[in-house]
Number of protein chains: 2
Amino acid sequence: MPAKFRWGILAPGTIAHKFAAGIQALPDAELVAVGSRALERAQDFAAKYRIPRAYGSYQELAADAEVDAIYVATPHHLHAETTILCLERGHAVLCEKPFAGNSQQAEAMVACARRRGVFLMEAMWSRFLPVMDVVAEWLKQGRIGELRRVECDFSFRGDGNPLSRLLNPALCGGGLLDVGIYPLAFTSWVFGGLPQQVASLAEIGRTGVDEQAGMLLLYPGGAMAVLTCGVRTQGQVSARILGTEGSIEIPSPFFCAREAVLRTPQSEVRERRPLLATGYEYEAMEVARCVRAGLLESPAMRLEESLDLTRFMTRLRAEWGVRYPFDP
Amino acid sequence: MPAKFRWGILAPGTIAHKFAAGIQALPDAELVAVGSRALERAQDFAAKYRIPRAYGSYQELAADAEVDAIYVATPHHLHAETTILCLERGHAVLCEKPFAGNSQQAEAMVACARRRGVFLMEAMWSRFLPVMDVVAEWLKQGRIGELRRVECDFSFRGDGNPLSRLLNPALCGGGLLDVGIYPLAFTSWVFGGLPQQVASLAEIGRTGVDEQAGMLLLYPGGAMAVLTCGVRTQGQVSARILGTEGSIEIPSPFFCAREAVLRTPQSEVRERRPLLATGYEYEAMEVARCVRAGLLESPAMRLEESLDLTRFMTRLRAEWGVRYPFDP
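All of these numbers come straight from a predicted model, not from anything done at the bench. Here the residue numbers are simple positions, counted from 1 along each chain's written sequence. The naming scheme follows written order: chains are lettered A onward, ligands numbered 1 onward. Local features in a predicted model are, by the rule used here, given only for residues with pLDDT of at least 70; side-chain atom pairs are given and counted only at 80 or more, and totals for whole chains, interfaces and linings are based on all residues. As a convention, hydrogens and water are excluded, and side-chain values are obtained from all of the structure's heavy atoms.

As for the packing of aromatic side chains
Residues and elements named next belong to chain B.
And then number 1: Pairing of aromatic side chains requires ring centres within 6.5 Å, counting the rings of Phe and Tyr and the six-membered ring of Trp. Pairs whose planes differ by under 30 degrees are stacked, by over 60 edge-to-face, and all others tilted. Tallying each qualifying case throughout the model produces 32 aromatic pairs over all chains.
And then number 2: Geometrically, the ring pair formed by Phe-154 and Phe-156 is edge-to-face, given 6.4 Å between the ring centres and 65 degrees between the ring planes.
And then number 3: Look at Phe-154 and Tyr-182: their rings are 5.2 Å apart centre to centre, the planes differ by 45 degrees, and that puts the pair in the tilted class. Of this pair, Phe-154 sits in strand E7 (residues 147–155) while Tyr-182 sits in helix H7 (residues 175–191); the two residues are 28 residues apart in sequence, bridging distant segments of the chain.
And then number 4: Its relative accessible area of 9% is what places Phe-154 among the buried residues. The helix and strand labels rest on DSSP assignments: H or I over at least four residues marks a helix, E over at least two residues marks a strand, and numbering proceeds from the N terminus. Relative accessibility under 20% of the residue-type maximum defines a buried residue, over 50% an exposed one, and the middle range a partly exposed one, all with a 1.4 Å probe and only protein chains included.

Observations concerning the side chain of Glu-211 of chain B
All names here are of chain B.
And then number 1: For Glu-211, the position within the fold is in strand E9 (residues 210–218).
And then number 2: Within the buried set, Glu-211 has no salt-bridge partner at all; the shortest N-O distance to an opposite charge, 4.2 Å, is to Arg-232.
And then number 3: Not counting residues within four places of it along the chain, the set of residues in contact with Glu-211 comprises Leu-167, Glu-203, Gly-205, Arg-206, Gly-230, Val-231 and Arg-232. Only four residue types enter the charge count: Lys and Arg as positive, Asp and Glu as negative, with His and the chain ends excluded. Salt bridge, as used here, is a side-chain nitrogen of Lys or Arg placed within 4 Å of a carboxyl oxygen of Asp or Glu. Working rule for contacts: check all heavy atoms of both residues, and any pair within 4.5 Å makes them a contact.

Regarding the sheet that holds strand E1 (residues 5–10) of chain A
Residue and element names in this part refer to chain A.
And then number 1: Strands qualify as paired when DSSP identifies two bridges or more between them. The strand order E3-E2-E1-E4-E5-E6 describes an open sheet built from six strands, whose pairing is parallel. The sheet is open, and its two edges are formed by strand E3 (53–55) and strand E6 (120–123), each paired on a single side. Each adjacent strand pair in this sheet contributes to an overall mean axis angle of 25 degrees, direction not counted. To get an axis, fit a line to the C-alpha atoms, keeping to the stretch in contact for a helix; angles then go from 0 to 180 degrees between the N-to-C directions.

A word on the pattern of salt bridges
And then number 1: Within the structure shown, the criterion is met by 44 salt bridges over all chains.
And then number 2: Across the pair Arg-6 of chain A and Glu-66 of chain A runs a salt bridge, and its minimum N-O distance is 3.1 Å. Of this pair, Arg-6 of chain A sits in strand E1 while Glu-66 of chain A sits in the loop between helix H3 (58–62) and strand E4 (69–72); the two residues are 60 residues apart in sequence, bridging distant segments of the chain.
And then number 3: A salt bridge links Glu-249 of chain B to Arg-263 of chain B; the shortest N-O distance between them is 2.8 Å. Of this pair, Glu-249 of chain B sits in strand E12 (residues 247–250) while Arg-263 of chain B sits in strand E13 (residues 259–264), and the two are 14 residues apart along the sequence.
And then number 4: Judged by relative accessible area, which is 19%, Glu-249 of chain B ranks as buried.
And then number 5: One salt-bridge network, held together by shared partners, links Glu-249, Glu-259, Arg-263, Glu-268, Arg-270 and Arg-272 of chain A.

Quick notes on the pairing of E4 of chain A
Residue and element names in this part refer to chain A.
And then number 1: Side chains Ala-69 and Tyr-71 project from E4 onto one buried face, and the interleaved Ile-70 and Val-72 project onto a second face that is buried too.
And then number 2: One ladder, built from four bridges, connects E1 with E4; its direction is parallel. In the sheet register, Ile-9 faces E4, and the bridge partner there is Tyr-71.
And then number 3: Relative to strand E5 (residues 92–96), E4 is paired through four bridges, and the arrangement is parallel. Looking at E5, one finds that Val-72 is bridged to Cys-95.
And then number 4: For a crossover, the right-handed case is the one in which the path from the first strand over the helix to the second runs clockwise, viewed with the strands pointing away from the viewer. For the crossover that starts at E4, traverses helix H4 (residues 79–88) and ends in the parallel E5, the hand is right-handed.

Structure follows, in structure tokens:
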């Protein structure tokens, strides 16, 4: 049996807990280090998940040579800085979504990974869930005929605290970057990319960020995507793919999908694929597979796609007048 | 008991059959005349619904003084011409939706009704269904809190015949006028009008009309509407109203709604309201009520709203490059 794949975790916040629980479900992976700007938080996290090494700074974690990959789980606005810190030390990095706060940050991250020749991937975990293989197979088999429309929403009702991560521009606030990335990445996954033709509208709240938004994407062949996101209103949080001969639904919560439904005028097929743990284990498996194979990126979540997604969101923010302090 | 309300039907097509079946379910209404450009069609229709007078021209029907209102059920592109024909003879008119082919036609119709001092209403029948009273009451009671978003689709898969009414520009083809009017009218009903801020995209097919379209509407307070329509892909054909405290769903087919669901984090309430007949009987009841009360329009479907809806669709078509031969 080969050695276990050794993970370091950078920033032990909410999402890192889910990731850690996912790793614990994998027989061939282990958590070996965690770094926080507060040593005590790192130690608490390490104790909870029996992680041998806890560091009081991101720098120390990045200097740990005995890890195979680092999961960057900071708030969005720190992704670029912390990812580059790890890449520069030669570490493979799985960076939480959204990849970066704006295009410039994303470009710097990708440039660094390429220059250093190390693996980098956006943690678009939903894409790696087992039921997505079922959906991909249905699409490949042409079960819904010609692809015509994607409808996808990720809107929820946050607490509305203007200082919170969700609404603070300095922390990449707004629905687009926090949850809009899911419908966009889903659409990009279905169609193999994002189109040029886009129309959108957003409600900009008192803190200057998008509290809800609608996006229409038109593909050259005439297929469309109709996407919504937001952080102040509960939405459907489901995904549908409509074709000429039928449709596929991924029920709520689609971003953590456990089932998919294929409907045609003649039939309804419901496929269930339970998760091993939290669902974050599948993206971790993909990283381990790629790194062990010597790949510098995942064919299922390429860096060019993360660049496209980030540029797309940066362009939308510009159109909406949503500016972050670090934007050029 | 007062005399029955006497209906004339202009153009005995598919929709006229549904309307006629609706009238037959009403104890205080009757069908007294039908007019078609082909006498035999009028006679067949008259025989089926036991209508005493069948005419081989629209002019003869319009000249029949013994009717209380005429239901105009022609294809869209003839609405203006035939409605004005009846109005000029002093008849109250219920004109099938969409009201008109473009703004100019709608304005001419409304000007004629006002000049002649006769009743006119767009046959937006869905609005008068019994379950809509339940939805209106929920909204009035603030059961879903502050109004935040409407999501509504009317998309279906037509046969794709390029000469058909659905795809022929000369017959007002395209999804917007045929079915997009339903989500737009629903939105206008919920919010009490349409906003200025709109973003949309449409797939224009080989015949030059919109085969599917997405529309985003942003209201001054930040609430949005996310609407889709089309004639080549089956969609959800449902409506949802999202608020800060809950949501209302009108399941498919929302345009012929028999039930509505009110959901909050704590509860789910499902109200069912079966139809007397086809559902078209309720708009007919409204027309009879208004005409008997001496009203020149219905407070529930005002002429200004029909003008707004028509202008909105005319503007969208212009943005999409969808031109009808009779457009100025």
